Amino acid sequence: QVQLVESGGGLVQAGGSLRVSCAASGRIFAMNVMGWYRQAPGKQRELVASMHSDGFTRYADSVKGRFAISRDNAKNTVYLQMNSLKAEDTAVYYCNLWAQGGYEYWGQGTQVTVSS
């Protein structure tokens, strides 16, 4: 079983920065995708950014140029650096891991609140 533990959420003023981290533990296949999704109240969960174990990245258009995803494969940890935060970035951010074979796991979520 794989567990994902997120950390680093919180309250920040608009224009500020925040970094969230997610550490995966358990049996993890080498080929995988780790990423971040978010869900704001009344909205569907959406992809924010993801990074394949080979380095390929994807970003939502709304965060391109402001957010940066990175990972430490040795530590099975993924990071999301969020800069120039806006009120509309307020959401619960969920860590996600998709592994070879179609296995998918979710973290418990961490709240990010941006005050305007």
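The structure this text deals with has already been given above.
Cut-offs applied
- Residues numbered from 1 in each chain as written.
- Predicted model: local features only at pLDDT ≥ 70, side-chain atom pairs only at ≥ 80, totals over all residues.
- Heavy atoms only, no water.
- Helix = DSSP H or I, 4+ residues; strand = E, 2+ residues; numbered from the N terminus.
- Contact = heavy atoms within 4.5 Å.
- Salt bridge = Lys/Arg side-chain N within 4 Å of Asp/Glu carboxyl O.
- Buried < 20%, exposed > 50% of the residue type's maximum accessible area, 1.4 Å probe, protein only.
- Pairing = 2+ DSSP bridges.
- Axes fitted to C-alpha atoms, helices over the stretch in contact; angles between N-to-C directions.

**A closer look at the environment of Asn76**
Checked against the element boundaries, Asn76 lands in the loop between strand E7 (67-72) and strand E8 (77-82). Distance from Asn76 to Ser53, taken between C-alpha atoms, is 9.7 Å for residues 23 residues apart in sequence. Beyond its immediate stretch of four places on either side in the chain, Asn76 contacts Cys22, Ala23, Ala24, Ile28 and Met34.

**Quick word on the pattern of salt bridges**
Scanning all chains against the criterion turns up four salt bridges. With a closest N to O distance of 2.7 Å, Arg38 and Glu46 form a salt bridge. By relative accessible area, Arg38 is classed as buried at 6%. Of the residues examined, Glu46 reaches a relative accessible area of 34% and is grouped as partly exposed. Arg38 is the partner of Asp89 in a salt bridge, and the nearest nitrogen-oxygen pair spans 3.0 Å.

**A word on the sheet that holds strand E3 (residues 18-25)**
Taken in spatial order, the four strands of this open sheet run E1-E3-E8-E7, and their pairing is antiparallel. Either end of the sheet is taken by a strand with one partner, and the two such strands are strand E1 (3-7) and E7. If you compare each strand with its neighbour and ignore which way they point, the axes differ by 15 degrees on average. For E7 and E8, the ladder comprises six bridges, and the chain directions are antiparallel. In the strand pairing of E8, Ala68 is matched with Gln81.

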